[in-house]
Every structure is written in C-alpha cells, then in structure tokens.
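Overview (structure and organization)
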Amino acid sequence: MIQASGLRKQYGDVVALDGVDLSVRQGEIFGVLGQSGAGKSTLLRCVNLLERPDAGTVTVDGQELTALREADLNRARRRIGMIHQHFALLSSRTVAGNVAFPLEVMGVPRAERARRVGELLELVGLEGRGGHRPHQLSGGQKQRVGIARALAGNPSVLLSDEATSALDPATTQSILALLKRLNAELGLTILLITHEMNVVKSVCDSVAIMAGGRIEESGAIADLVATPGSRLTREIFPLPEPAPAGSVTLTFAGDPGRPVVSEVVRKFDVDLSILGGSIEELAGGSVGRLRVALEGAEAAAALAYLRESGVIVEEAS
Amino acid sequence: MTWDEMLPLLWPATVETAQMVGWSTLFTVLLGLPLGVALVVLDRGGLRPAPAVRAVLGFVVNVGRSLPFIVLMIAIIPFTRLVVGTTIGTAAFVVPLTVGAVPFFARLVETSLREVGTDVVQAAQAMGTSRTAIVWKVLLPEALPGLVAGLTVTVVALIGYSAMAGTLGGGGLGDLAVRYGYQRFETLLMIVTVVLLIVIVQLLQSLGDWVARRLSHK
C-alpha cells in the first residue's frame with residue numbers, strides 16, 4: 001500500500017533520512033519507532049510529500065507521488081488521511097466545520113457534506129458535538145475530531161504523526177483502540193510514528209525501528225520477536241545487558257500449549273532459577289521472555305528440548 | 001465661544017474627519033491586506049516562495065513606513081493630483097492617508113498571518129488544499145481576530161494622520177483645532193476638539209477589541 005525506496009533528505013549538514021526503504025502492506029498497522037531526531041517524522045512527512053525527499057520515490061496505493069505535479073498531488077493527498085500530535089484543528093471553525101474542511105476542498109455539495117460530517121462524528125464517538133469549538137474539547141476529543149477530519153475523503157491510508165504523544169495514558173489507550181477499530185472495520189492501512197514502545201505493543205502489526213536517519217530493523221512484530229537478538233525484543237523486554245555468563249534467555253513467542261519449563265525441570269533433573277523476565281501482550285498474542293540459570297548434568301539436553309518445543313533460546317557466552 | 005457657535009464648526013469637521021478616515025480605511029484594507037498576504041506567502045518557507053519579489057515588496061513597505069507622514073503627504077502631491085485631480089479638500093487627502101497607512105497595515109497583517117500555526121497550514125496541505133484555498137480558508141479566517149485588532153490600530157493611526165492632513169487643507173477636526181484653538185486662542189474649542197478625538201478613539205478601540213474578542217476562539 002505504501003512503498004518508499006531510497007529516501008534521502010538532508011537539512012544543511014544534518015542527514016534526516018539516509019537511504020530509507022519502507023513497505024507497508026494493505027490493511028496493516030505499521031509503526032515507526034524511534035527517539036526524537038531519528039528521522040521518523042521526516043519519513044512520515046515524505047510519504048505525503050509535505051517534505052520532498054532529495055532522492056528516492058514514494059508510491060501510495062499504486063500511485064507514484066514523487067512523479068506527480070502539484071494539482072495531481074493535491075488530488076492524491078485527499079486519499080491519504082493524516083492526524084497530528086497537536087491536532088492542528090482550525091480554531092476559527094466549529095467541530096463540524098473542521099470535519100467539513102476536506103469535503104469543502106474536494107468540492108462536495110453542502111447537503112452531502114452535512115450528512116457525511118454527521119456520519120464521521122458518529123464514527124469517532126462525537127455525535128452531538130458538531131457545534132462545539134475545538135478549545136471546548138479535551139485533548140482526546142480533539143484528536144477524535146482530527147481522526148474524523150482525516151477520514152472525510154474515505155482515505156485508503158492514514159498517517160499518524162505522534163498522534164497520542166500529547167495525551168495522557170488512558171486517553172492514549174482510547175485513541176489507540178479507535179485506530180485499531182477503524183483499521184479492522186474500514187480496512188484502513190495505518191502508518192504511525194511514535195517514540196512510545198507502548199503504542200507499538202498495543203496496536204502495531206509491523207514495526208520499523210529508526211535511528212540516525214536509517215531503519216535499523218523492520219518486519220512483522222511476531223517475526224521480530226521470534227528472531228534471536230532482535231532489537232525489538234530487547235527493547236520490549238528490558239533485561240540487563242550483557243547477560244551474565246552462564247545465563248540463558250528464553251523467549252516464548254506464541255503459546256507452546258504445555259508447561260514446557262516445569263517439564264524440562266522434571267525430565268532432565270535440572271535446577272532452574274529465574275533471574276528476570278516479563279510477559280507482554282502484543283498485537284499478535286502474549287509473549288514472555290525469561291532470563292534463567294540452568295544447573296544440572298543434562299542442562300544441554302534440556303536446552304535442546306526447549307528449542308524443539310519452539311522456545312527461542314539464547315545462551316550467554 | 002459658546003456652544004451655539006462651536007456646534008456648526010464641530011459637526012462638519014467631524015464629518016470631514018470621518019470621511020477622510022472612512023475612505024482611506026477602505027482603500028487601506030483593499031491594498032494592505034493583499035500586500036500583507038503577499039509578504040507572508042512569498043517569503044522563504046511560505047506557500048509560494050519568491051524571495052526576490054518578497055525583498056522588493058519588503059523594501060517598498062519599509063520606505064513607506066520610514067517617511068514621517070507630514071513629509072510623505074507633501075512628497076506625493078504630484079501623485080495625488082494625478083489620482084484625484086486636486087491636492088486640497090477632504091477627497092484629495094484620502095490618497096496620502098491611504099499611501100501612509102497601507103505599509104503600516106500590511107506589516108500588521110503580516111504579523112497576524114505569521115501567528116497562524118504552521119501545523120494547521122501543513123494539515124491543510126496534507127488534505128490536498130490548494131494554495132489559494134489555504135489563504136482563504138485557513139490563513140485569513142484563523143488570523144481574523146488579529147486582523148481586526150490590526151485594523152483598529154490602523155484606524156486610530158489614520159485619525160492621527162488625518163489631523164495632520166487637516167492642516168494642509170484637508171479639513172476635519174485637526175484643521176479646526178489648529179485654526180481656532182492655536183491660531184485664534186480659542187482654548188475652549190481646542191479642549192472640546194481634544195475631548196471629542198479622545199472619545200472617538202476610545203469608542204473605536206473598544207469596538208475593535210469587542211469584535212476581536214468575539215471572533216477569537218482560543
């Protein structure tokens with residue numbers, strides 16, 4: 001749905017994007033995770049060409065945006081919704097007026113506009129608020145207006161620029177739940193950037209980790225978690241690094257269907273002490289990561305058994 | 001001087017001032033608003049950057065702003081004659097008043113438009129809004145309270161300018177104050193004129209503040 005290749009963008013001496021490739025599949029929620037200054041915001045703004053990359057191409061929904069002239073680009077942008085960290089609502093307009101803005105730009109007739117605004121406000125749970133002014137709303141409600149506005153043109157893609165970073169944790173969860181619902185109900189492809197792992201954990205199907213203008217790691221979350229030594233796994237499950245000598249780190253991605261740890265203890269007569277670990281609910285299911293010390297004559301056989309059972313085993317050297 | 005003697009002088013003078021200020025306000029908005037928009041839109045990082053044109057416009061505006069009004073009024077007499085056909089009377093002074101106020105108002109417009117957040121402009125761009133529509137549907141409506149405040153300041157400045165215009169043959173309250181209050185030592189008329197000007201300015205400023213507040217939804 002979104003293909004970007006070889007994106008480069010430089011501001012003076014600062015290289016914001018240093019050859020970035022990105023591929024977002026239809027219907028997925030793709031998160032770009034990184035600290036501020038990593039280039040993720042520039043990347044997002046290159047997708048709808050708010051920033052024009054110095055080099056590289058962007059294709060959205062089969063249309064190569066980087067090749068379009070301004071009028072055609074404006075038409076293409078109407079099929080790409082965007083929501084913003086600070087909502088970017090027009091204070092001169094009511095809630096309904098804000099949602100109607102893109103419809104006006106598209107030349108939708110007044111009566112049709114009013115009907116569509118009503119639908120959109122209902123979709124985001126703001127029915128009856130059309131007459132309010134943005135400043136009368138809470139942050140979460142403002143972002144709902146932003147989402148309704150972004151969906152006005154029936155976009156195939158929604159870009160989210162740190163949309164929950166200005167919100168408190170409970171509101172963040174409610175906005176994320178809304179995005180998840182829109183993704184499921186409308187088949188909306190969502191590309192979001194965030195510096196919060198929590199956002200990636202709760203809604204994303206795929207993730208790209210960015211630093212210094214490059215993507216360091218990317219892929220489906222389920223795959224990355226199942227990849228030994230992946231950066232995502234280390235960041236989701238913060239265990240002390242480097243692992244102490246002799247310790248073993250076990251990652252349980254997906255449900256093995258039986259209590260493998262106690263099985264191992266009984267079967268191989270090993271002593272197992274847990275040094276650290278946690279279980280996280282990810283979009284694909286729950287994943288656990290344990291740092292353990294194994295002692296016993298058959299420790300090596302025990303590890304082999306764990307591997308066979310689908311547990312990812314990393315031994316500290 | 002009694003009230004009966006003063007009223008026939010005060011009323012026509014007030015009307016002349018109102019005419020000079022009213023017409024020049026109208027032309028100031030018609031010329032200054034687009035000029036202010038151009039200063040923002042053509043600037044580096046604006047909607048349609050054209051730094052060279054922007055630099056020329058900025059220079060012209062600064063020239064207009066650096067001339068004291070009394071000098072400007074005299075300096076553009078040939079231009080006034082060209083436009084109106086005469087250089088005395090209330091109508092003739094609408095020209096220098098407008099020329100004096102346009103750069104002033106254009107800068108205030110520029111400042112108000114710059115207050116509009118780049119985030120809303122970019123949000124509009126992301127929605128595929130054309131540049132013209134961004135000016136009409138985003139920049140001007142969002143800046144409206146500031147534009148009204150700027151217009152109020154401009155009108156008050158025009159009242160001040162119009163008093164100077166009066167002394168050169170434009171008529172109005174300034175002319176009255178100079179001819180009667182200063183040259184004929186009619187202190188009472190001077191005081192009444194001053195009070196009248198104060199009242200007019202206060203009323204206009206309050207009106208402007210009220211409108212700006214009504215329009216603001218921050």
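Just above sits the structure.
Description of the structure in this document. What you see is a predicted model; the values in this text were computed from it and never measured. (Residues numbered from 1 in each chain as written. Chains lettered and ligands numbered in written order. Predicted model: local features only at pLDDT ≥ 70, side-chain atom pairs only at ≥ 80, totals over all residues.)

**Here we look at the overall build of chain A**
The helix and strand tally for chain A stands at 11 helices and 14 strands. Contacts spanning at least 24 positions in sequence make up 68% of the contacts within chain A whose residues lie at least 6 apart. (Helix = DSSP H or I, 4+ residues; strand = E, 2+ residues; numbered from the N terminus. Contact = placed C-beta atoms within 7 Å.)

**Digging into the environment of Leu 196 of chain B**
Residues and elements named next belong to chain B. Mapped onto the elements, Leu 196 comes out in helix α9 (residues 187–215). Sequence separation of Leu 196 and Leu 173 is 23 residues, and the distance between their C-alpha atoms is 8.8 Å. Those residues in contact with Leu 196 that lie beyond four places of it in its chain are Leu 10, Thr 14 and Leu 173.

**What about the environment of Leu 182 of chain A?**
Residues and elements named next belong to chain A. Along the chain, Leu 182 turns up in helix α6 (residues 169–186). With 20 C-beta atoms packed within 10 Å, Leu 182 lands in the buried category. Between the alpha carbons of Leu 182 and Glu 122 there is a distance of 13 Å; along the sequence they are 60 residues apart. (Buried ≥ 20, exposed ≤ 12 C-beta atoms within 10 Å, placed from the backbone.)

**Topic: the packing of helix α1 (residues 3–41) of chain B against helix α5 (residues 90–115) of chain B**
All names here are of chain B. With their axes 6 Å apart at the nearest point, α1 and α5 run at an angle of 40 degrees to one another. Accordingly, the angle class assigned to the pair α1 and α5 is oblique. The hand of the α1/α5 crossing is right-handed. (Axes fitted to C-alpha atoms, helices over the stretch in contact; angles between N-to-C directions. Parallel < 35°, antiparallel > 145°, perpendicular 65-115°, else oblique. Left-handed = near helix turned anticlockwise from the far one by under 90°.)

**Focus on the interface of chain A and chain B**
The partner chain B presents 17 residues to the 18 residues of chain A that form the contact. If you list the elements that add at least two residues to the side of chain A that touches chain B, you get α2 (70–77) and α3 (95–106) of chain A.

**Looking at the nonpolar core**
By size, the foremost hydrophobic cluster in this structure holds 145 residues, and its most contacted members are Val 47, Val 99, Ala 148 and Leu 191 of chain A. For this core, the element with the highest residue contribution is helix α7 (residues 131–170) of chain B, accounting for 16 residues. (Core = buried A, V, L, I, M, F, W, Y, C linked by C-beta atoms within 7 Å.)

**Structural notes on the sheet that holds strand β13 (residues 285–295) of chain A**
Residue and element names in this part refer to chain A. The strand order across the open sheet formed by 4 strands is β12-β13-β11-β14, and the pairing between neighbours is antiparallel. The open sheet terminates on both sides in strands that have one partner only, identified here as β12 (271–282) and β14 (312–315). Each adjacent strand pair in this sheet contributes to an overall mean axis angle of 15 degrees, direction not counted. Relative to β13, strand β11 (residues 247–253) runs antiparallel, the two sharing 7 bridges. Bridging across to β13, Thr 249 finds its partner in Arg 291. (Pairing = 2+ DSSP bridges.)

**So, unusual backbone geometry**
All names here are of chain A. Positive phi, normally seen in glycine, also occurs at Asp 61, with a value near 55 degrees. Positionally, Asp 61 belongs in the loop between β4 (55–60) and β5 (63–64). Unusually for a residue other than glycine, Ala 88 sits at a positive phi of about 55 degrees. Positionally, Ala 88 belongs in the loop between β6 (80–83) and α3. Overall, the presence of 23 C-beta atoms within 10 Å leaves Ala 88 in the buried class.

**Overview of the sheet that holds β4 of chain A**
Residues and elements named next belong to chain A. Taken together, the 4 strands give an open sheet; going across it, the order is β2-β1-β4-β5, and neighbouring strands pair in antiparallel fashion. Of all the strands in the sheet, the pair left with one neighbour each is β2 (14–24) and β5. Relative to β2, strand β1 (residues 2–11) runs antiparallel, the two being bridged by 8 bridges. Paired with Tyr 11 across the bridge in β2 is Val 14.

**Section: helix α8 (residues 173–182) of chain B**
Burial in α8 of chain B covers these residues: Leu 173, Gly 174, Asp 175, Leu 176, Ala 177 and Tyr 180 of chain B. The inward-facing, buried residues of α8 of chain B contact α1, α7 and α9 of chain B.

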